[in-house]
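# Chains, contacts and geometry: an overview
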Amino acid sequence: MKDTKKAADFIISIILIALSAFLYMTADKMPGATKGIGPGDYPKFICTILFILGVIQLISVVVSCKGIPLIAFKEINRKFLLRALIMGVATFAYYKLMKPIGYLLTTPFFLFGSFMLFGYKKKVKGAVIAIIFTVVVYLLFTKVFMIFLPRGILG
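Model, not experiment: these values are computed from the prediction.

### Observations concerning the overall build of the chain
Helices and strands together make up the secondary structure of the chain, namely five helices and zero strands. Helices and strands in the chain line up, N terminus first, as α-α-α-α-α. Looking at the chain residue by residue over its 155 residues, the buried ones come to 23%. Within the chain, residue pairs in contact and separated by at least 24 positions form 58% of the contacts whose partners lie at least 6 positions apart. A total accessible area of about 11600 Å² is found for the chain, and carbon and sulfur atoms account for 76% of it.

### Focus on unusual backbone geometry
Look at Met146: it is not a glycine, yet its phi comes out positive at around 60°. Turning to its location among the elements, Met146 is positioned in the segment after α5 (123-144).

### Looking at the packing of helix α3 (residues 78-101) against helix α4 (residues 103-117)
Closest axis-to-axis distance for the α3/α4 pair is 9 Å, and the angle between their directions is 170°. As the angle between them shows, α3 and α4 are arranged roughly antiparallel. Facing Arg83, Ile86, Met87, Ala90, Thr91, Tyr94, Leu97, Met98 and Ile101 of α3, the residues of α4 in contact are Tyr103, Leu105, Thr106, Thr107, Phe110, Ser114 and Leu117. Partitioned by chemical class, the residues of the contact of α3 with α4 number eleven nonpolar, four polar and one charged.

### A closer look at the nonpolar core
Counting residues in each nonpolar core, the largest one holds nine residues, listed as Met87, Tyr94, Met98, Tyr103, Phe110, Leu117, Val137, Tyr138 and Leu149. For this core, the secondary structure elements donating two or more residues are α3, α4 and α5.

### Thoughts on the environment of Tyr94
For Tyr94, the position within the fold is in helix α3. What makes Tyr94 buried here is its relative accessible area of 17%. In the structure, Tyr94 is positioned twelve residues away from Thr106 in sequence and 6.7 Å away in space, judged by C-alpha atoms. Apart from residues lying up to four places away in sequence, Tyr94 is in contact with Tyr103, Thr106, Thr107 and Phe110.

Definitions and limits used
Residues numbered from 1 in each chain as written. Predicted model: local features only at pLDDT ≥ 70, side-chain atom pairs only at ≥ 80, totals over all residues. Heavy atoms only, no water. Helix = DSSP H or I, 4+ residues; strand = E, 2+ residues; numbered from the N terminus. Buried < 20%, exposed > 50% of the residue type's maximum accessible area, 1.4 Å probe, protein only. Contact = heavy atoms within 4.5 Å. Areas by Shrake-Rupley, 256 points an atom, 1.4 Å probe, with all protein chains shown as cover. Axes fitted to C-alpha atoms, helices over the stretch in contact; angles between N-to-C directions. Parallel < 35°, antiparallel > 145°, perpendicular 65-115°, else oblique. Nonpolar A, V, L, I, M, F, W, Y, C, P; charged D, E, K, R; others polar. Core = buried A, V, L, I, M, F, W, Y, C linked by side-chain atoms within 4.5 Å.

Okay, here's the thing in structure tokens:
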């Protein structure tokens, strides 16, 4: 089981490195600001951090295994694999629905669904957390950072 975890860490670090590099290049195409921080600077900063963390994780796995860990495919838990697939589809749907429906309406459902998918048992508490988190992030972005999130049908 430990080898499976190391193999999963290896694969995740490769994916994280590739994804952060791709997103960095995408953010690099955003318009720059004449003064101060532009709209692409924050995503580039986050992508740089994710890239560094991915490299650190990759190096630690390779060093601890004294090479690239192999995957025993019979040991992969299909239940967790299915959850990851569902989460990927849900994230894509969330991304596609946010603009037409809006951040305030899509995010609580996405968060609540994520909680339930990964085994959180307290449904009322999960719903309250999802709603509070959504409102706090919305207010933080719109009032403090002056970044307006998609309003969708509310807008």
